[in-house]
Amino acid sequence: MFWSLLLLSTVVSAVQVLLLALAARAIAKSLSFEETLYSARVGFRLLLLASLVLAFVRPDIAITSDSYEAGTLKGVFDHRNLLAFVSVLALSTVIASARKRSPLLLVFDVGLAILCLLFAQSQSSILAAVALIMVWLAVRGVQRFENTTRYIALTGVSLLGGAILAWALLSLDTLVGSLGRDLTFTGRQIIWDAVLQEAGESPVLGYGWNAVWHDDLPLTNTIWNITKFSIYQAHEGYLDVYIQIGGLGLFLLCILILSTVTRSIRTAVRGAAGHTYWPLAAIIVLIVSNFSESRFVTPIGLLFLFLTYQLSGVCPAMSRTMSGKADACRVPSGAVSKSRAAGRGACVE
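Everything in this summary refers to the structure shown in the same document. (Residues numbered from 1 in each chain as written. Predicted model: local features only at pLDDT ≥ 70, side-chain atom pairs only at ≥ 80, totals over all residues. Heavy atoms only, no water.)

Here we come to the overall build of the protein. Secondary structure assignment for the protein yields 13 helices and two strands. Considering the protein as a whole, with its 349 residues, one finds that 46% of them fall into the buried category. If you take every contact in the protein between residues at least 6 apart in sequence, the share linking residues at least 24 apart comes to 70%. Total accessible area computed for the protein in this model is approximately 17,500 Å², and 68% of it derives from carbon and sulfur atoms. (Helix = DSSP H or I, 4+ residues; strand = E, 2+ residues; numbered from the N terminus. Buried < 20%, exposed > 50% of the residue type's maximum accessible area, 1.4 Å probe, protein only. Contact = heavy atoms within 4.5 Å. Areas by Shrake-Rupley, 256 points an atom, 1.4 Å probe, with all protein chains shown as cover.)

As for its placement among the helices and strands, Tyr309 is situated in helix 13 (residues 299–312). Apart from residues lying up to four places away in sequence, Tyr309 is in contact with Leu256, Ser259, Thr260 and Arg263.

Attention shifts here to the packing of aromatic side chains. Counting across every chain of the model gives four aromatic pairs. Ring centres 5.8 Å apart and planes at 25 degrees place the aromatic pair Phe44 and Phe304 in the stacked group. Here Phe44, found in helix 2 (residues 33–57), pairs with Phe304, found in helix 13; they are 260 residues apart in sequence, far enough to count as distant. Overall, Phe304 belongs to the buried group, its relative accessible area being 9%. An angle of 75 degrees between the planes, with centres 5.3 Å apart, marks the rings of Tyr238 and Phe296 as edge-to-face. (Phe/Tyr/Trp six-rings, centres within 6.5 Å; stacked < 30°, edge-to-face > 60°.)

This part covers a nonpolar patch on the surface. Together, Phe2, Trp3, Val204, Leu205, Leu248, Phe251, Leu252 and Ile255 make up a nonpolar patch on the protein surface, roughly 860 Å² of accessible area in all. Examined against the element boundaries, Phe251 turns out to sit in helix 11 (residues 237–270). (Patch = residues over 30% accessible without salt bridge, like charges linked within 9 Å, V, L, I, M, F, W, Y side chains within 5 Å. Salt bridge = Lys/Arg side-chain N within 4 Å of Asp/Glu carboxyl O.)

Here we take up the nonpolar core. Counting residues in each nonpolar core, the largest one holds 57 residues, and the members touching the most others are Leu48, Tyr277, Trp278 and Phe296. At 11 residues, helix 4 (residues 80–96) tops the list of elements feeding residues into this core. Among all residues touching Phe296, those that are not within four sequence positions of it are Trp209, Gly237, Tyr238, Val241, Leu253, Ile257, Leu286, Asn290, Leu302 and Leu305. Listed in part, the 16 residues of the second largest apolar core include Ala194, Val195, Trp213 and Ile243. (Core = buried A, V, L, I, M, F, W, Y, C linked by side-chain atoms within 4.5 Å.)

The full count for this structure, using the stated rule, is two salt bridges. A salt bridge links Asp109 to Arg45, with the shortest nitrogen-to-oxygen separation between them at 2.9 Å. With Asp109 in helix 5 (residues 103–120) and Arg45 in helix 2, this pair connects stretches of sequence that are 64 residues apart. Here Asp109 and Arg45 have matching classes, each one buried. Here Asp60 makes a salt bridge to Arg58, at a shortest N to O gap of 2.8 Å.

With that out of the way, let us pick up the packing of helix 4 against helix 6 (residues 123–142). Axis separation between helix 4 and helix 6 bottoms out at 9 Å; the angle between their running directions is 15 degrees. Relative to helix 6, the element helix 4 lies roughly parallel. In terms of crossing hand, the pair formed by helix 4 and helix 6 is right-handed. Between helix 4 and helix 6, the contacting residues are Asn81, Ala84, Phe85, Val88, Leu91, Ser92 and Ile95 on the first element and Ser125, Ala128, Ala129, Leu132, Ile133 and Trp136 on the second. (Axes fitted to C-alpha atoms, helices over the stretch in contact; angles between N-to-C directions. Parallel < 35°, antiparallel > 145°, perpendicular 65-115°, else oblique. Left-handed = near helix turned anticlockwise from the far one by under 90°.)

For helix 6, spanning 20 residues, the distance from its first C-alpha to its last is 29 Å, which sits close to the expected 28 Å at 1.5 Å a residue. Those residues of helix 6 that sit buried are Ser124, Ser125, Ala128, Ala129, Leu132, Val139 and Val142. The buried residues of helix 6 occupy an angular sector of 150 degrees when the element is viewed end-on, so they sit on one face. Exposed residues pointing more than 90 degrees away from the buried face of helix 6 are listed as Leu127, Met134 and Leu137. (Expected span 1.5 Å × (residues − 1). Arc of directions from axis to C-beta.)

As for its placement among the helices and strands, Cys254 is situated in helix 11. By relative accessible area, Cys254 is classed as partly exposed at 38%. Spatially, the C-alpha atom of Cys254 lies 9.1 Å from that of Tyr238, the residues being 16 residues apart in sequence.

See the structure below:
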């Protein structure tokens, strides 16, 4: 707030972030893991179904008419990329709860999510969907092992995945060039260069949370003059955080992400039910999606970041308590608070 270009905007947005964090904590405290997953799954289903219905009833509203994105589906959302993002989150809930679903409803939800994802034509969201499926397969494979062997297998899978990622990054020019695309995958290099150039003027603290993308702001106009067109986000979540709250804010965000990933992997691997995979799936979607969209600075992105962090700390033993047998949770790193709802057996670290 003290160095923001727009003090009032930063104060309002900071309060919004705090409320989103409190909302995520309230959800994790008042609902069981399965109840949260069920609520999200039903909510996503209604949104995606409404988007497809609206495409038939009012295509002038649900179908994008802009020349650049003409013919893509945005449904009930204001942009196709947001529809694609919600579609991948919906797919993550379906995968996480696949074991306890009727085959017919499972096929319906998967088909609904895939249709919306394909019609939205968001390559970054499609990549996120592929990533979460691959990680799910790896987690399911690791879960077959017992105790020490499980962690050895997890380490092996992590090293293999890291080696593949390192090879892909080193060969990125060749891989992307063979597809006829640039390194942004989306043609947004000019936007990223402009944002990086201006962010370099205040690399530590940035220009203020939600104090960059505003009309008549000199900083925004400078970026627009470089890009030759108006934009209201950096189209890269990490870069958007960097220009708004600097390297310090980006560092804190990375700590939160790393902590969430670590907790999510532990919850997914130790869990006895498929739904314990959901926090890991959700954080994967967020990490990948933010490479080409600024989800970390939007309400829905922040809410799911905070909610994923909260759920990633839920003791996986609760996945076996739905039958009424509450297993003991051992959380070595600190205090454990039991869920107030009887019979849930959820332990939150």
